[in-house]
Amino acid sequence: MTLTLDNRSQNKESSLTQALRQIQQLNSKIQELEPQHQDYVQKQQNLIPAIAEICISPIQEVQALRILIYKGEAACRQYLRSVLVKQNQATKMSAEQMEKPTLSKGTKNRSSLQNSKK
């Protein structure tokens, strides 16, 4: 009877020892991952002002935040770059349109009439 009680107490002690060792391993893993997590959060927070600055419409902002949340920082940066490229293309196109004077039909007709009078 004493032998059985001794075995049970040893089994309980070894189970507790194993549990304690596992807890210590988990704690050290948490300490190892904590700085990485803080870095990840900081990078995401740094993107929020960029999103507000780059995105013109609220829809673009929401899309950028969704990408940031679900796909991460790299995908969000890629999206923001594509938004900037589209904005630059739109700016160039509007600048080119402003540089080229467009003649209305009335203006064309008047100039051709003046040329025919000469």
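If you're wondering where the values come from, they're calculated on a predicted model, not measured in any experiment.

(A) Inspection of helix α3 (residues 73-99) at higher detail. Taking 1.5 Å as the rise per residue, α3 with 27 residues should run 39 Å; its terminal C-alpha atoms sit 39 Å apart, in good agreement. Considered for burial, the residues of α3 that qualify are E73, C76, Y79, L80 and V83.

(B) Main features of the pattern of salt bridges. Taken as a whole, this structure holds three salt bridges when the rule is applied. E32 serves as the salt-bridge partner of K29, at 3.6 Å between the closest nitrogen and oxygen. One end of the pair is K29 and the other is E32, both in helix α1 (residues 2-54) and three residues apart, which spans about a single turn. Using a relative accessible area of 46% as the deciding quantity, one classes E32 as partly exposed. Note that R77 and E73 form a salt bridge whose closest N and O atoms lie 2.7 Å from each other. Placement of both R77 and E73 in helix α3 is noted, with a separation of four residues, approximately one turn of the helix.

(C) Region of interest: the confidence of the model for the protein chain. Mean pLDDT for the protein chain: 82, with 75% of residues reaching 70 or above. Per-element mean pLDDT across the protein chain ranges from 48 in helix α4 (residues 105-117) up to 95 in helix α2 (residues 58-70). Considering only residues more than four positions removed or in separate chains, one finds that residues 109-113, a stretch of pLDDT under 50, has zero contacts.

Definitions and limits used
- Numbering of residues starts from 1 in each chain and follows the order in which that chain's sequence is written.
- Local features are withheld for residues below a pLDDT of 70 in this predicted model, meaning they are given only at 70 or higher, and side-chain atom pairs are given and counted only at 80 or more; totals for whole chains, interfaces and linings count all residues.
- Calculated side-chain values reflect all of the structure's heavy atoms, with hydrogen atoms and water omitted.
- Going along the chain from the N terminus, every DSSP run of H or I of four or more residues is numbered as a helix, and every run of E of two or more is numbered as a strand.
- In a helix, the anticipated span is given by 1.5 Å times the number of residues less one.
- Summary of the burial criterion: residues with accessible area below 20% of their type's maximum are buried, those above 50% are exposed, and those between are partly exposed, where the area comes from a 1.4 Å probe applied to protein chains only.
- Criterion for a salt bridge: a side-chain nitrogen of Lys or Arg within 4 Å of a carboxyl oxygen of Asp or Glu.
- Per-residue confidence from the prediction method is given by pLDDT, with values spanning 0 to 100.
- Note on contacts: a residue pair qualifies if any of its non-hydrogen atoms lie within 4.5 Å across the two residues.

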